[in-house]
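Structural features, examined
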Amino acid sequence: MNNIKQVSKKQKAYDYMKSKIMEGFYVPGQRIVINQLVKELATSAIPIREAVRQLEAEGLIEYQQNIGPVVTPIDESKYIDTLSTLAVLEGYATALSKTTFTDEKIKILTDLNQEMKGALAEFEFGKFGELNREFHDLTYDNCPNQYLIESIRKTWMQLDSIRLTGSTFNPKRAKESIDEHEHIIQLLREDADSQLIEIAVRSHKLNTVKSFHERKTQPNGTTFI
């Protein structure tokens with residue numbers, strides 16, 4: 001029984017810290033203060049330290065000498081390389097999946113995009129990111145190439161570990177992303193040529209890379225993918 005309780009406390013601490021990191025409340029380089037988390041979560045330091053170790057294994061936290069655990073700093077070049085790779089993979093996977101987009105699936109994509117508009121209007125940026133991820137998952141989840149699907153999901157995990165999307169928010173890019181989703185949906189609805197679909201999806205991701213380069217001159221903004 002004690003072990004079960006301990007595991008649940010560790011999971012609670014893990015979920016709490018990971019959400020804070022992914023949503024940008026804990027920024028890259030920020031120190032993780034164990035004693036503060038003990039107070040916030042009303043628990044002992046043991047499950048928190050265990051959760052920290054798990055997050056460290058996932059690349060979200062790292063230990064720095066004389067400081068302790070900190071949120072892993074962003075590797076900007078890795079972010080650009082990973083997102084550029086994802087652009088190619090998702091574009092091809094969506095094109096391969098074009099015959100699986102039934103009217104029902106198109107409606108789900110449309111509804112998700114509408115929900116993203118609502119989340120943006122209500123400044124629910126964490127929800128926006130979750131819906132965005134769900135939208136993209138749906139564009140390739142029926143791809144006949146299973147290795148390609150696995151490669152995309154691993155690449156998404158790498159992006160999660162880089163965590164750039166949760167740092168801050170760029171409403172301009174978010175609005176552009178919604179518009180680009182609408183274009184992709186329209187191509188799928190019309191059963192457009194596979195090459196056109198692939199180009200649209202790839203360009204959507206590469207536009208985020210472009211937005212990131214522009215962000216470097218405006219440090220308070222970032223992008224959603």
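Structural data are supplied above this passage.
Since this is a predicted model, take the numbers as computed values, not measurements.

Cut-offs applied
- Residues numbered from 1 in each chain as written.
- Predicted model: local features only at pLDDT ≥ 70, side-chain atom pairs only at ≥ 80, totals over all residues.
- Heavy atoms only, no water.
- Helix = DSSP H or I, 4+ residues; strand = E, 2+ residues; numbered from the N terminus.
- Contact = heavy atoms within 4.5 Å.
- Salt bridge = Lys/Arg side-chain N within 4 Å of Asp/Glu carboxyl O.
- Buried < 20%, exposed > 50% of the residue type's maximum accessible area, 1.4 Å probe, protein only.

As for its placement among the helices and strands, Ile149 is situated in helix H7 (residues 146-162). Put simply, Ile149 and Ala93 are 56 residues apart on the chain and 7.4 Å apart in space, counted from C-alpha to C-alpha. What Ile149 contacts, discounting residues up to four positions off in sequence, is Tyr140, Asp141 and Cys143.

Further remarks concern the pattern of salt bridges. When charged atoms on two side chains of opposite charge get close, those side chains can pair. In the structure shown here, the tally under the stated rule is 13 salt bridges. One salt bridge connects Lys117 with Glu182, and the closest N-O pair in it is separated by 2.7 Å. Linking Lys117 in helix H5 (residues 103-121) with Glu182 in helix H8 (residues 171-189), this pair joins segments that are 65 residues apart in sequence. Residue Glu182 is classed as partly exposed on the basis of its relative accessible area, which comes to 35%. Across the pair Asp137 and Arg133 runs a salt bridge, and its minimum N-O distance is 3.9 Å. Within this pair, Asp137 and its partner Arg133 are both found in helix H6 (residues 125-140), separated by four residues, close to a single helical turn. Asp137 sits in the partly exposed class, given a relative accessible area of 27%. Linked by salt bridges that have partners in common, Lys172, Arg173, Glu176 and Glu180 make up one network.

Taken by themselves, the reported measurements are silent on function.
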